[in-house]
Every structure is written in C-alpha cells, then in structure tokens.
Amino acid sequence: MAGSAASILLAAGTFEVDRVDFSGLHRVSYDEANAAAGIDPGDFMGTLDVGAAERSLEDLPWIADARIRRRWPASVSVDVVERTAAAIVLTAPDSWVLIDIEGRVLTSSLSVLPELPRLSGIAAAPTPGRFLAGDAQALLAVVDAARGQPDFEVAALWRDQRGDIRARVRQLPGDLQIEVALGDESAIGAKTAAIAAVIGGLERSEPVLDVSVPHLPVLRATG
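Residues numbered from 1 in each chain as written. Predicted model: local features only at pLDDT ≥ 70, side-chain atom pairs only at ≥ 80, totals over all residues. Heavy atoms only, no water.

A.B. asks: What is the right way to read the side chain of Ser-77 from this model?
C.D. replies: One can find Ser-77 in strand β3 (residues 75–82). Under the relative-accessibility criterion, Ser-77 is labelled buried at 13%. Among the polar contacts listed, one links the side chain of Ser-77 to the side chain of Arg-71, at a separation of 3.3 Å. Among all residues touching Ser-77, those that are not within four sequence positions of it are Asp-21, Arg-67, Ile-68, Arg-69 and Arg-71. (Helix = DSSP H or I, 4+ residues; strand = E, 2+ residues; numbered from the N terminus. Buried < 20%, exposed > 50% of the residue type's maximum accessible area, 1.4 Å probe, protein only. Polar contact = N/O pair within 3.5 Å; in protein donor to acceptor, adjacent residues only side chain to side chain. Contact = heavy atoms within 4.5 Å.)

Dropping the structure here:
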C-alpha cells in the first residue's frame, strides 16, 4: 500500500520543484547557470533529466563539473566546479582570451589583460567553450610544470619559426627577466627544473638560457 500511495502522489505531480540552490558559482552568474540547467519552479521532481542538465551546465565555458541532486520533497541542489584561468592566448592580432590549463577557451576578447603567461606562435584560439589546437599542448605543459615554482614565473611562451619552444621567465623574488630556449616538446619537467636550478643564481639578465638539454643548461648568445 505504501508503494502504491507513493506512486499515486508522484503521478499526481505532488512533488514539484519549489527551489533550485546553486553552489560554487564565481565567474558564472546565477541567471546564466539557472538558464543552462533548465530546472524551473513547478517542474515535476520525479521526471527531471538530471544528466542532461549537468551536461548543459558543463557546456558553459567556465564550468568544469556539475552535480545535481534532488532534495525531496521539493528542492534541487546544483554543485558546480569552475575552471581556473591559467594563461592568455591570441585569438586575433592584438586580441587575447583567457584559457585554463587544459586549453579550454574561457572568454571572448579581453579589454584588460591579467598578469598571466602569454602564449603565442600557435594556432589562434577558437570560440569560448572550445579547446586550443594540439600545438598548444606543450606550452600548457610548461605553464603547468612552472606553477608554484618558488624561483621563477613564466611571463610568456611561444613557438619560434622552427616550432621550438621559447619562454620569457621572471626571477622570484625580483624583476629580473631572461629568455629561455626549451627546444622540442620532450622532458618538459626536467627543463623546468633546470630553469629553477640556474635562474636563482643570476644577478643580471643574460642573453638566453638554453635548457634544451636539461642536464646541461647553458647561457648563450641570442639566436
């Protein structure tokens, strides 16, 4: 009888959404998230397509993960995890956009540029919500390996005419900057460690720090 009573209540639409609560929103507005989820007061709790609503939320450029739970009898909780900006990339000449560490484009063209690594010499960034082309992956690996380094931070990364990776890094603490030649896409972690091992001992800007052979870092002339 209890099961039959519950079925009758569900069929009658007794359990309708009264409230939708969001948590984790910072860069995404409530209105934007609510519209993407598509869950409105009065919707029947028992027939909510939770999976579709989660996927719709994750289509928003800033949202990495969304979890929706029914809170019977009449509320819905939506927990989202937003992406973190890791760098800026050219989408057109003199037009920069934010990306995360996976290469997902987070914004349209920026009017004010944040203090983040600038990536160039790669395919132009696509529209928000899409991902950078494959030629950006090694540059993103450098950004990732350098995050949290106590000795330096990356100011800019680019591919030169040969496709090799170059960087401009800033000594920490201080403002001393140096150009770094990383060579090809191999051994990114070891090359980042080589930068850290050398840059702390520099007292003036040198032409180029070459870590393309990470166990033999050398200072050389520009070129």
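From this point, things continue past the structure.
A.B. asks: Can you help me understand unusual backbone geometry in this one?
C.D. replies: Glycine aside, residues mostly have negative phi angles, and peptide bonds mostly take the trans form. The peptide bond linking Trp-72 to Pro-73 adopts the cis configuration, its omega dihedral lying at 15°. With respect to the element layout, Pro-73 can be found in the loop between β2 (63–71) and β3. That bond from Leu-172 to Pro-173 is cis: its omega, -5°, falls within 30 degrees of zero. Along the chain, Pro-173 falls in the loop between β8 (165–171) and β9 (177–183). Phi at Asp-94 is positive, roughly 60°, even though this residue is not glycine. In this fold, Asp-94 is placed in the loop between β4 (85–92) and β5 (95–100). By relative accessible area, which is 76% here, Asp-94 ends up exposed.

A.B. asks: Explain the nonpolar core to me, please; I cannot follow it from the model alone.
C.D. replies: Side chains that are nonpolar tend, in soluble globular proteins, to be buried together. If you look at the biggest cluster of nonpolar residues, it comprises 33 residues, and the most contacted ones within it are Ile-99, Leu-119, Phe-152, Leu-157, Val-169 and Val-180. When residues of this core are traced back to their parent elements, those giving at least two are β4, β5, α4 (137–146), β7 (152–159), β8, β9 and α5 (188–199). Of all the elements, α4 adds the most residues to this core, at six residues. Beyond its immediate stretch of four places on either side in the chain, Val-169 contacts Phe-152, Glu-153, Val-154, Ala-155, Leu-176, Gln-177, Ile-178, Val-180, Ile-195 and Ile-199. (Core = buried A, V, L, I, M, F, W, Y, C linked by side-chain atoms within 4.5 Å.)

A.B. asks: Even after reading the chapter, I still don't get the environment of Ala-52, so can you show me in this structure?
C.D. replies: Secondary-structure assignment places Ala-52 in helix α3 (residues 50–58). In this structure Ala-52 comes out as partly exposed when scored by relative accessible area, which is 30%. For the pair Ala-52 and Ala-37, spaced 15 residues apart in sequence, the C-alpha separation works out to 8.2 Å.

A.B. asks: Any chance you could explain the pattern of salt bridges here in plain terms?
C.D. replies: Between side chains of opposite charge, a pair can form when the charged atoms approach closely. One pass over the structure, following the stated rule, counts 13 salt bridges. Of the charged contacts in the structure, one is a salt bridge between Asp-65 and Arg-67, with a shortest N-O distance of 3.0 Å. Looking at Asp-65, the relative accessible area reads 23%, which means it is partly exposed. Exposure remark for Arg-67: the relative accessible area of 40% places this residue in the partly exposed category. Salt bridges here are not isolated pairs; linked through shared partners, they connect Glu-58, Asp-65 and Arg-67. (Salt bridge = Lys/Arg side-chain N within 4 Å of Asp/Glu carboxyl O.)

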